[in-house]
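Remarks on the overall topology
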Amino acid sequence: MDDALRAVADPTRRAILVLVRDREVSAGEIAERFPEISRPAVSQHLRTLTAARLVVVRRAGNRRFYRLRPEGLAEAVTFLETMWSTSLGRLQREAEREERAHTGDQDVKGPL
């Protein structure tokens, strides 16, 4: 999970993941989408995504094709959903507590 989160922390790598989300894309086509970045830098981003197991690579001759590996994000997504639902639960309980206090209901006991 740590490698996946570090990998998606970079905006260029997130943009690459969006490119390869729905279809296989060649390394050359990916590099063309980022003219402001050198090809070696794009290759490094692709290596990082591969090492984090967020993309799979298929070789065809001297070309490489990349595709999203959605299960690579599964552990991180589960962690973030857990954190989010916990926070939402606390927010909901606090809002309900404030609503009861505001409407005069005196049953506002219990920790957040």
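Residues numbered from 1 in each chain as written. Predicted model: local features only at pLDDT ≥ 70, side-chain atom pairs only at ≥ 80, totals over all residues. Heavy atoms only, no water.

Under an unreviewed UniProt entry, the protein chain has the name DNA-binding transcriptional ArsR family regulator and belongs to Streptosporangium brasiliense.

Things to note about the packing of aromatic side chains
Put simply, the test is: Each Phe, Tyr or Trp ring, with Trp reduced to its six-membered ring, pairs with another whose centre is within 6.5 Å; inter-plane angles below 30 degrees give stacked pairs, above 60 give edge-to-face pairs, and intermediate values give tilted ones. We call a charge positioned above a ring when the Lys NZ or Arg CZ atom is no farther than 6 Å from the ring centre and deviates by at most 35 degrees from the ring normal.
Evaluated as defined, the whole model comprises 0 aromatic pairs. Between the NZ or CZ atom of Arg58 and the centre of the ring of Phe65, over which it lies, the distance is 4.8 Å.

Some thoughts on the UniProt feature "domain: HTH arsR-type" (unreviewed entry) in the protein chain
Inclusion rule: UniProt positions are given in the numbering used here, feature names are shortened, and annotations may be inferred rather than shown by experiment. By the criteria applied, helices consist of DSSP H or I runs no shorter than four residues and strands consist of E runs no shorter than two, each listed in order from the N terminus.
Per the UniProt record, "domain: HTH arsR-type" (unreviewed entry) is found at residues 1-88. Along residues 1-88 one finds 57% helix and 16% strand; the C-alpha atoms at either end are 23 Å apart.

Structural notes on the sheet that holds strand β1 (residues 25-26)
Stated precisely, the cut-off is as follows: The criterion for strand pairing is that DSSP finds at least two bridges linking the strands in question. By definition, residues are in contact when any of their heavy atoms lie within 4.5 Å. Axis definition: a line fit to C-alpha positions, over the contact stretch in the case of helices; interaxial angles, taken between N-to-C directions, run 0 to 180 degrees.
Across the sheet, 3 strands lie side by side as β1-β3-β2; this open sheet has antiparallel pairing. Two strands lie at the open edges of the sheet, namely β1 and β2 (55-60), each paired on one side alone. The sheet contacts of helix α4 (residues 39-51) involve β2 and β3 (63-68), and relative to β2 the element is tilted by about 115°.

Some remarks on the pairing of β3
The pairing of β1 with β3 spans 2 bridges and is antiparallel. Among the inter-strand pairings, Val25 is bridged to a residue of β3, identified as Tyr66. Pairing of β2 with β3 involves 6 bridges; the strand directions are antiparallel. Following the sheet pairing, Val57 is matched in β3 by Tyr66. Here β2 folds back onto β3, and the loop between the two strands holds 2 residues, one of which, Gly61, carries a positive phi near 65°.

Quick word on the pattern of salt bridges
To keep things clear, this is the line we draw: The salt bridge definition used is simple: a Lys or Arg side-chain nitrogen within 4 Å of an Asp or Glu carboxyl oxygen.
Applying the stated criterion across every chain, the model contains 7 salt bridges. For the salt bridge of Arg23 with Glu29, the shortest nitrogen-to-oxygen distance reads 2.6 Å. Because the salt bridges share partners, they merge into one network encompassing Arg23, Glu29 and Arg33.

Observations concerning a nonpolar patch on the surface
Inclusion rule: Residues enter patches when they are more than 30% accessible in relative terms and free of salt bridges; like-charged ones are connected within 9 Å and nonpolar ones (Val, Leu, Ile, Met, Phe, Trp, Tyr) within 5 Å. Only the protein chains shown count as cover for residues, and the accessible areas themselves come from Shrake-Rupley with a 1.4 Å probe.
Together, Met1, Leu5, Phe79, Leu80 and Met83 make up a nonpolar patch on the protein surface, roughly 410 Å² of accessible area in all. For the nonpolar patch, the element with the most residues is helix α5 (residues 74-103), which contributes 3 residues. Relative to the assigned elements, Met1 resides in the segment before α1 (2-8).

Description of the nonpolar core
Spelled out, the test is: By nonpolar core we mean a set of buried residues, namely Ala, Val, Leu, Ile, Met, Phe, Trp, Tyr and Cys, connected to one another through side-chain atoms within 4.5 Å. Exposure categories follow from relative accessible area, calculated using a 1.4 Å probe and restricted to protein chains: below 20% of the type maximum is buried, above 50% is exposed, and the middle band is partly exposed.
Within the largest apolar cluster, 20 residues are counted, with the highest numbers of intra-cluster contacts made by Leu17, Val20, Ile30, Phe34, Val42, Leu49 and Leu54. Elements represented by at least two residues in this core include exactly α1, α2 (11-19), α3 (27-32), α4 and β3. Residues in contact with Ile30, not counting those within four places in the same chain, are Ile16, Val20, Val25, Val42, Leu46 and Tyr66.

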